[in-house]
Amino acid sequence: MAKFAEAEARRFHNTFVCRICKSKMKAPNMKVMQGKVSCRKCGSNKLRTVKKK
Ligand SMILES: [Zn+2]
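Residues numbered from 1 in each chain as written. Predicted model: local features only at pLDDT ≥ 70, side-chain atom pairs only at ≥ 80, totals over all residues. Heavy atoms only, no water.

Caption draft 1: View of the sheet that holds strand S2 (residues 24-26). Taken together, three strands build an open sheet; the order of strands is S2-S1-S3 and the sheet is antiparallel. If you trace the sheet from one side to the other, it starts and ends with S2 and strand S3 (47-49), each paired once. Neighbour-to-neighbour, the strand axes of the sheet open up by a mean angle of 40°, direction not taken into account. One ladder, built from three bridges, connects strand S1 (residues 15-18) with S3; its direction is antiparallel. In the strand pairing of S3, Val 17 is matched with Arg 48. (Pairing = 2+ DSSP bridges. Helix = DSSP H or I, 4+ residues; strand = E, 2+ residues; numbered from the N terminus. Axes fitted to C-alpha atoms, helices over the stretch in contact; angles between N-to-C directions.)

Caption draft 2: Geometry of unusual backbone geometry. Residues other than glycine seldom take positive phi values, yet Lys 22 does so here, at roughly 65°. For Lys 22, a relative accessible area of 55% corresponds to the exposed category. (Buried < 20%, exposed > 50% of the residue type's maximum accessible area, 1.4 Å probe, protein only.)

Caption draft 3: Local environment of the coordination of the zinc ion. Taken together, the protein donors to the zinc ion comprise Cys 18 (SG), Cys 21 (SG), Cys 39 (SG) and Cys 42 (SG), at separations of 2.3 Å. Note that the zinc ion binds four donor atoms; their angles at the metal cover 103 to 120°, and the shape is tetrahedral. Sequence positions of the donors to the zinc ion reduce to the motif C-x2-C-x17-C-x2-C. We classify Cys 39 as buried; its relative accessible area is 4%. You can call Cys 42 partly exposed: its relative accessible area is 38%. (Donors = N, O, S within 2.8 Å, 3.2 Å for Na, K, Ca; no water. Tetrahedral: all angles 85-135°; square planar, octahedral: opposite > 155°, others 65-115°.)

Spatial relationships are all this shows, so hold off on functional conclusions.
Take a look at the structure:
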């Protein structure tokens, strides 16, 4: 499971999309999981990976 998440993160180059304003940003996967990354535009820390299902 962790391995799968890591592989997916690598595939999308650690790029995340803000759920609120849809802006993309690059951030280390670990920091996002710890909630240390927030959107520069709206300040939200609700981020998702590029692919959504
Ligand atoms: Zn945002």
